[in-house]
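Remarks on the overall topology
Each chain, written out:
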Amino acid sequence: MSTEAIPTVPAKVGHAQDPAARALVGRHRLRWWESLPWLAAVGFYFAFPNYLGFGTSLMITILFALSLDLALGYAGIITLGHAAFFGAGAYTVGLLAFHNVWTEPITSLILAGVAAAAIGLASGLVLLRTRGLTLLMLTLCTMALLQDAANMGHDYTGGFDGLPSLDIAPVFGVFEFNPLYPDTQYLYTLAILCACFLFIRTVVYSPFGQSLTGIRENLLRMHAIGAPVRRRLVVCYAMSAAFAGVAGGLWAQTNAYVNLSALDLDRAATVLIILILGGYGRLYGAFLGAGAYMVLEHFLALLYPTAWQLGLGLLLVIVALYARNGILGLSELLWRRNRPGRSMP
């Protein structure tokens, strides 16, 4: 009796041999080039001691852009009112300091983040039932309501004049905030930005962060596999609000004042432009976008003080037309095309 040859089943390719699996497994690991922004920040402290105030503002803007990137770039939550949370954090710090309730900077920042997260959670439970243009307008209305409330509560918030000359206690009781020599402000802001960035980076590469990307890419499929879409969107929105509140609290502490500009539409639009310019959904797009925007704003204002927005607007149009996903997306495209060892088509 002859036996037929039994076909052999090829061994399954292990996860370690699959290029896609290796990319997913290793994407959370820190790479050498990720240290460049932080080395640049440390080098800036020593190389440009007369521009530490500018550097502090830049890092606060980066943190604010990162908070929006978490909601917009990863979860796909379209918002035009993110300054509501920035202003909530700023006014939390300002009210506590101005009325001599609490002036310790680090715990004040925590309270600012908690207050902004509470507003984000409460508003997200209502607003995230909608999508598209409706969501965009409702987020804008939320910001306008908070701005009107701050303006009407003149006895507590100072109204249009705001809260000047905030008394912020020294960091750890030793390092004082000095408006003329902002060394403490710069290093303090750099430490807070680094801590917040590491937390956001961990969230983005966690299973929760990957599910947010899935919701952004294909909402119906995430519903079909049973993912709690709305709950995760609300949590993401509240987390994003918390980091925006921390950025607002930093702004209030380093400038020692708060006014209605913290809740202004211009601030919300600016951070959205920064993400478009740098690239959203990339983490480091916030760094590139904020740096490019603020440097261009500075030099264009020197060249043409009355119409510097024209040059910035033209650049934004060019980026939107020819640079997919901003400066970072264009850089990645050029690197893929010109990297060593690339096979010719």
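Presented here is an overview of the structure given in this document. (Residues numbered from 1 in each chain as written. Predicted model: local features only at pLDDT ≥ 70, side-chain atom pairs only at ≥ 80, totals over all residues. Heavy atoms only, no water.)

**So, the packing of helix α3 (residues 52–74) against helix α8 (residues 183–204)**
Relative orientation of the contacting elements α3 and α8 amounts to 15°, with a least axis distance of 9 Å. In terms of orientation, α3 and α8 fall into the roughly parallel class. The element α3 and its partner α8 pack so that their crossing is left-handed. Note on element contacts: α8 touches α3 through Asp-183, Gln-185, Tyr-186, Thr-189, Leu-190, Leu-193, Cys-196, Phe-197, Ile-200, Val-203 and Val-204, opposite Leu-52, Gly-55, Thr-56, Met-59, Ile-60, Ile-62, Leu-63, Leu-66, Leu-70 and Tyr-74. Here the residues of the contact of α3 with α8 are counted per class, giving 16 nonpolar, four polar and one charged. (Axes fitted to C-alpha atoms, helices over the stretch in contact; angles between N-to-C directions. Helix = DSSP H or I, 4+ residues; strand = E, 2+ residues; numbered from the N terminus. Parallel < 35°, antiparallel > 145°, perpendicular 65-115°, else oblique. Left-handed = near helix turned anticlockwise from the far one by under 90°. Contact = heavy atoms within 4.5 Å. Nonpolar A, V, L, I, M, F, W, Y, C, P; charged D, E, K, R; others polar.)

**Overview of unusual backbone geometry**
Apart from glycine, the bulk of residues carry a negative phi angle, and the bulk of peptide bonds sit in the trans form. Backbone geometry at Phe-172 places phi at a positive 55°, although glycine is not the residue there. Assignment of secondary structure puts Phe-172 in the loop between α7 (154–157) and α8. Phe-172 gets classed as exposed once you look at its relative accessible area, which sits at 63%. Even without a glycine there, the phi angle at Ala-256 is positive, about 60°. The residue Ala-256 is located in the loop between α11 (229–255) and α12 (265–278) in this model. Its relative accessible area of 25% is what places Ala-256 among the partly exposed residues. (Buried < 20%, exposed > 50% of the residue type's maximum accessible area, 1.4 Å probe, protein only.)

**What to know about the side chain of Thr-184**
In this fold, Thr-184 is placed in helix α8. Those residues in contact with Thr-184, other than ones at most four positions away along the chain, are Val-171, Phe-175 and Glu-176.

**With respect to the packing of aromatic side chains**
In the structure shown here, the tally under the stated rule is 17 aromatic pairs. Look at Trp-251 and Tyr-257: their rings are 5.5 Å apart centre to centre, the planes differ by 65°, and that puts the pair in the edge-to-face class. Exposure remark for Tyr-257: the relative accessible area of 33% places this residue in the partly exposed category. One aromatic cluster is present, formed by Phe-44, Tyr-45, Phe-46, Phe-48, Tyr-51 and Tyr-186 through successive ring pairs. Of note, Arg-267 hangs over the ring of Trp-251, and the distance from its end group to the ring centre comes to 4.8 Å. (Phe/Tyr/Trp six-rings, centres within 6.5 Å; stacked < 30°, edge-to-face > 60°. Lys NZ or Arg CZ within 6 Å of the ring centre and 35° of its normal.)

**Topic: the pattern of salt bridges**
What the rule picks out here adds up to two salt bridges. Across the salt bridge formed by Glu-34 and Arg-201, the nearest N and O atoms sit 2.9 Å from each other. Residue Glu-34 is located in the loop between α1 (19–26) and α2 (36–47), and its partner Arg-201 is located in helix α8; the two are separated by 167 residues in the primary sequence. For Arg-201, a relative accessible area of 6% corresponds to the buried category. A salt bridge links Arg-216 to Glu-217; the nearest nitrogen and oxygen atoms lie 2.7 Å apart. In this structure Glu-217 comes out as exposed when scored by relative accessible area, which is 57%. (Salt bridge = Lys/Arg side-chain N within 4 Å of Asp/Glu carboxyl O.)

**Here's the deal with the side chain of Gln-185**
Here Gln-185 lies in helix α8. In contact with Gln-185, not counting residues within four places along its chain, are Thr-56, Phe-177, Asn-178, Pro-179 and Thr-254.

**Considerations on the packing of α3 against helix α13 (residues 285–303)**
The contact between α3 and α13 brings their axes to 9 Å, and the two run at 135°. Classified by the angle between their axes, α3 and α13 sit oblique to one another. Seen from above, α3 lies across α13 with right-handed handedness. Note on element contacts: α13 touches α3 through Ala-286, Phe-287, Ala-290, Gly-291, Met-294 and Val-295, opposite Phe-54, Ser-57, Leu-58, Thr-61, Ile-62, Ala-65 and Leu-66. Classifying every residue of the contact of α3 with α13 gives 10 nonpolar, three polar and no charged.

**Description of a nonpolar patch on the surface**
Residues Trp-32, Trp-33, Leu-36 and Leu-39 make up a contiguous nonpolar surface patch of roughly 490 Å² in combined accessible area. Along the chain, Trp-33 falls in the loop between α1 and α2. (Patch = residues over 30% accessible without salt bridge, like charges linked within 9 Å, V, L, I, M, F, W, Y side chains within 5 Å. Areas by Shrake-Rupley, 256 points an atom, 1.4 Å probe, with all protein chains shown as cover.)

**What about α11?**
Its 27 residues place the ends of α11 39 Å apart at the C-alpha level, agreeing with the 39 Å of an ideal helix rising 1.5 Å per residue. The element α11 is largely enclosed, with a buried count of 22 among its 27 residues. (Expected span 1.5 Å × (residues − 1).)

**What about α13?**
For α13, which comprises 19 residues, the first-to-last C-alpha distance of 26 Å matches the rise-based estimate of 27 Å (1.5 Å per residue) to within 8%. Along α13, the residues classified as buried are Gly-285, Ala-286, Phe-287, Gly-289, Ala-290, Gly-291, Tyr-293 and Met-294. Against α2, α3, α8, α12, α14 (308–322) and α15 (326–338) lie the buried residues of α13.

Purely spatial values, then, with no claim about function.
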